[in-house]
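# Notes for the structure review
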Amino acid sequence: MLGKVDEWGRIVIGREYAGRRLYVVKVGGGFFITPDKQLAERVRSEGIRAVLDAYYRLLDVVGEPAPEEVERLVEEEIWRGVSSTLRS
């Protein structure tokens, strides 16, 4: 997904998030966005280490996947690693 940031620093992520409270955590050179406060706090506390650990574990399992596949799998692995809540 490519989004353009407007002159006020805003980016559109979709109507399904309109009016919802989301937590934004800066991780390395990117951002992790979630409606789950506890998950955001855990990602903040573990930082880039959590993202890299998940990525390296995935490389051990699947080899060198396409970039899109890496994004999807890392998201799923991070969710499993830092949350006991089932993803909806």
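Residues numbered from 1 in each chain as written. Predicted model: local features only at pLDDT ≥ 70, side-chain atom pairs only at ≥ 80, totals over all residues. Heavy atoms only, no water.

## Let's talk about the environment of Ala 54
The criterion, for reference: A run of H or I in DSSP counts as a helix once it spans at least four residues, and a run of E counts as a strand once it spans at least two, with each numbered from the N terminus. Whether two residues are in contact is decided by their heavy atoms, any of which lying within 4.5 Å being enough.
By the element assignment, Ala 54 lies in helix α1 (residues 37-62). For the pair Ala 54 and Trp 79, spaced 25 residues apart in sequence, the C-alpha separation works out to 9.8 Å. Ignoring anything within four residues of it in the chain, the contact list for Ala 54 reads Glu 77 and Ile 78.

## A few points about the pattern of salt bridges
Applied cut-off: Whenever Lys or Arg places a side-chain nitrogen within 4 Å of a carboxyl oxygen from Asp or Glu, that contact is recorded as a salt bridge. Buried, partly exposed and exposed residues are distinguished by accessible area as a fraction of the type maximum, computed with a 1.4 Å probe on protein chains only: under 20%, between the cut-offs, and over 50%, respectively.
Within this structure, the stated rule accounts for 2 salt bridges. Between Asp 6 and Arg 10 there is a salt bridge, with its nearest N and O atoms 2.8 Å apart. For Glu 76, the salt bridge is made with Arg 72, and the minimal N-O distance between the two is 2.8 Å. Of the two residues, Glu 76 and Arg 72 both sit in helix α2 (residues 67-82), 4 residues apart, roughly one turn of that helix. Judged by its relative accessible area of 38%, Arg 72 is partly exposed.

## Details of the pairing of strand β1 (residues 23-27)
For the record, the criterion: Pairing between strands is defined by DSSP: at least two bridges between them are needed.
Relative to strand β2 (residues 30-34), β1 runs antiparallel, the two being bridged by 5 bridges. Bridging from a neighbouring strand, Tyr 23 pairs with Thr 34 of β2. Between the end of β1 and the start of β2, which pair antiparallel, lie 2 residues, with Gly 28 showing a positive phi angle near 60 degrees.

## As for the confidence of the model for the protein
Inclusion rule: The pLDDT value tells you how sure the predictor is about a given residue, anywhere from 0 up to 100.
On average, the protein scores 78 in pLDDT, and the residues at 70 or more come to 84%. Averaged pLDDT values for the elements of the protein fall to 76 in α2 and rise to 88 in β1.

## Some points on the nonpolar core
What counts is decided by this rule: Only buried residues count toward a nonpolar core, which is a set of Ala, Val, Leu, Ile, Met, Phe, Trp, Tyr and Cys residues joined through side-chain atoms within 4.5 Å.
By size, the foremost hydrophobic cluster in this structure holds 12 residues: Val 25, Val 27, Phe 32, Leu 39, Ala 40, Val 43, Ala 54, Leu 58, Val 70, Leu 73, Val 74 and Ile 78. Broken down by secondary-structure element, the contributors of at least two residues to this core are β1, α1 and α2. Sorting elements by how many residues they give to this core places α1 first, with 5 residues.

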